[in-house]
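Tertiary structure, described
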Protein chains: 2
Amino acid sequence: MTGHHLITVEALFGRVRAIFENAGVRAESAEAVARTIVAGERDHCKSHGIYRIEGCLRVLAAGKVSPDAVPQLHDSGKAVIEVDAGGGFANPAFETGKAALADRARQSGLAALVIRDCLHFSALWHDVEALAEMGLASLSLCPSYAFVAPAGGKEPLLGTNPFAFGWPRPGDHPYVFDFATSVAARGEIELHRRAGTPIPEGWAVDEDGEPTTDPNAALNGAMLPFGGHKGSAISTMIELLAGAMLGEFMSREALDFMGGGNLLPRHGALIVAFDPQSFAARSGRDPLAEGEKLLTVFGAQGARLPSERRFKARQQSQTNGIALTDAEMDQLDRFEREGLAALID
Amino acid sequence: MTGHHLITVEALFGRVRAIFENAGVRAESAEAVARTIVAGERDHCKSHGIYRIEGCLRVLAAGKVSPDAVPQLHDSGKAVIEVDAGGGFANPAFETGKAALADRARQSGLAALVIRDCLHFSALWHDVEALAEMGLASLSLCPSYAFVAPAGGKEPLLGTNPFAFGWPRPGDHPYVFDFATSVAARGEIELHRRAGTPIPEGWAVDEDGEPTTDPNAALNGAMLPFGGHKGSAISTMIELLAGAMLGEFMSREALDFMGGGNLLPRHGALIVAFDPQSFAARSGRDPLAEGEKLLTVFGAQGARLPSERRFKARQQSQTNGIALTDAEMDQLDRFEREGLAALID
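Residues numbered from 1 in each chain as written. Chains lettered and ligands numbered in written order. Predicted model: local features only at pLDDT ≥ 70, side-chain atom pairs only at ≥ 80, totals over all residues. Heavy atoms only, no water.

1. Regarding the sheet that holds strand β3 (residues 80-84) of chain A
Residues and elements named next belong to chain A. The 7 strands lie next to each other as β2-β3-β4-β11-β5-β6-β7, forming an open sheet whose pairing is mixed. Looking along the sheet, the strands with just one partner apiece sit at the ends: β2 (72-75) and β7 (175-180). This sheet shows a mean twist of 15 degrees between the axes of neighbouring strands, independent of strand direction. Here 5 bridges tie β3 to strand β4 (residues 110-119), and the two strands are oriented parallel to one another. Paired with Asp84 across the bridge in β4 is Arg116. Of the strands in this sheet, β5 (137-141), β6 (162-167), β7 and β11 (266-274) touch helix α5 (residues 125-133), which is tilted by about 15 degrees from β6. Along the sheet, helix α8 (residues 228-242) makes contact with β5, β6 and β11, crossing β11 at roughly 95 degrees. (Pairing = 2+ DSSP bridges. Helix = DSSP H or I, 4+ residues; strand = E, 2+ residues; numbered from the N terminus. Axes fitted to C-alpha atoms, helices over the stretch in contact; angles between N-to-C directions. Contact = heavy atoms within 4.5 Å.)

Structure (structure tokens):
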């Protein structure tokens, strides 16, 4: 490919980790953040790939994330494990709590991990996939920034609140979904704005609460939840469970605290893990074999499972390497060499 | 009102309970089923009100529900409480497990109630509302009958799988939603068929997987999930968590077992309860007061909370009584007098 470079997953991981270490991020945190970012790029999920590096550096430059925070595990011995991220990134906090969460879910049947006070770039699939690889089903929820109007409303109140779920599959990639509870991601509207193209109907309302296809009006107005009042209700549930219930920020407070939505939001996160073997034990059935009866028949009617494209892309990246453009390679070079000074306002 | 009769909530409850007792249902079960049905009618939720009596009697007449099953509580001491409904209705099984679920959630932070082998008419709001009145947040999920094609597919595979959530509100009705993960309820398509009117676009596909507005073609084809691939993913999650994970039927197996979708489905159910006070404790914040910061501002922008209409209807019913038509009163008389013999094929 002209203008493209192939880089192995491992090499890209090394480079991204180095960028964060050079920017002053504690080694374990740099590694956890880099692992998630490279996994996104590897899976051709560009919106959560190396594109995210700049956002992470900007929040470092603004002094709104703690580069040397060491996540603190609090285990009361109940079914809820807590990790204080201490104003650091969410990824190392999840890594800190993951094993304790899995152990507790196996002991108790289900367990929850509460992450407090973290900076989040909402790649929740990475966490639920990790738990699925440990044989656990899980839900992962967090608020974000208040950019979305509730159904029937016209002003931003809810976040784009991601909702992720993972389910283990024997001998196969897990069943994983991870999506925003808004119709579209904010970044998609931004791309339309830059391209000067209208957004589809149903994505947003303007400042007066009227439907709009103008990306500028949408960004100044409010985005809309997916699935009408049902998606709006789910988004509200996420505010309550992953914000209010934890005593952490909801999306409106995150927006106020960060003084606008240009940087990564700061808030908490909730992960609930279930041990299928424990839940099914009295039935005498194998829950994962039961799950396969459903998941293996989607293809026969032309339907796709949520992460099929991601897993295909992953295989391709692992076999052939990841293709990056000249501009992307240049940016990696610049970030690694210049650190936060490479950020252009 | 001409042709209408006003009946108090208590009087209607007594009548519905008597119908089930006369039909041979064990007293405690008759009471639990009647309580849920009357609550639906009281809240002007006609689709889950006295309309459901006939369906319950039909499943009794077909010998597909056990009228005298005594739900059995199994408490392993872990965070999962189980109740074997023994082929009886779901409502008494929930009543049997409710207190243990609430206690365990308060002890552990969160807990789950598994209901096994029950006949369900999917009024999940009743359960999450009861838990909210005990100060707990909760999720309630169950499969149903395989009438819904996954997004991108064309054949029935998923159920209309209801999804309910409850959150306690100090001094107010709880925040409650309960909806099918299909675009529309199957009953709504049936009403269009009877009226000879087309269904809206996006509700269903025909037997060839083509979009249709013909209710007959829709009933022979497949319904569609709400919210496109996102709703489809959530519906799949419900099959896995509330079917496969429990070792209980998923929606396709329920349809096979019952030999068609005319009777109430038989399967399991999953309720997850969270104690907000326990989750928020280390934050020093009051989780319910935090929740109010979100829930009290919907109205200012013209948005409604999911159950507002229900709670208004409830107040009206409690003050003025419930208005039933002549036909509805006649049917209650007939069901009470004749029992299962009142069923006309």
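Once the structure has been displayed, the description carries forward.
2. A look at the relation of the copies chain A and chain B
Superposing chain A onto chain B takes a rotation of 180 degrees combined with a translation of 0.0 Å along the rotation axis, leaving an RMSD of 0.0 Å. The symmetry that links the two subunits is that of a two-fold axis. Of the C-alpha atoms belonging to chain A, the one lying closest to the rotation axis is found on A:Gly227, 2.0 Å away. Mapped onto chain B, 100% of the interface residues of chain A again fall at the interface, so both copies present the same surface. (Least-squares fit on C-alpha atoms with pLDDT ≥ 70 in both.)

3. Some words on the interface of chain A and chain B
At the junction of the two partners, chain A supplies 78 residues and chain B supplies 78 residues. Between chain A and chain B, roughly 6100 Å² of surface is buried when both sides are summed, and carbon and sulfur atoms account for 69% of that area. Between chain A and chain B we count 6 salt bridges in total. For the salt bridge of A:Arg282 with B:Asp84, the shortest nitrogen-to-oxygen distance reads 2.6 Å. Seen at the junction of chain A and chain B, the total is 26 residue pairs in polar contact (both at pLDDT 80 or more). Residue contributions to the side of chain A that touches chain B peak at 9 residues, all from α8(A). Partitioned by chemical class, the residues of the side of chain A that touches chain B number 45 nonpolar, 16 polar and 17 charged. (Buried area = accessible area lost by both parts, 1.4 Å probe. Salt bridge = Lys/Arg side-chain N within 4 Å of Asp/Glu carboxyl O. Polar contact = N/O pair within 3.5 Å; in protein donor to acceptor, adjacent residues only side chain to side chain. Nonpolar A, V, L, I, M, F, W, Y, C, P; charged D, E, K, R; others polar.)

4. Examining unusual backbone geometry
One non-glycine residue with positive phi stands out, namely A:His44, at about 60 degrees. With respect to the secondary-structure elements, A:His44 resides in the loop between α2 (27-42) and α3 (51-61). A positive phi angle is found at B:Asp117, which is not glycine, with a value near 55 degrees.

5. Quick look at the side chain of A:Ser138
Relative to the helices and strands, A:Ser138 is located in strand β5. The contacts of A:Ser138, once residues within four sequence positions are left out, are A:Val128, A:Leu131, A:Ala164, A:Phe165, A:Gly166, A:Ile271, A:Val272, A:Ala273 and A:Phe274.

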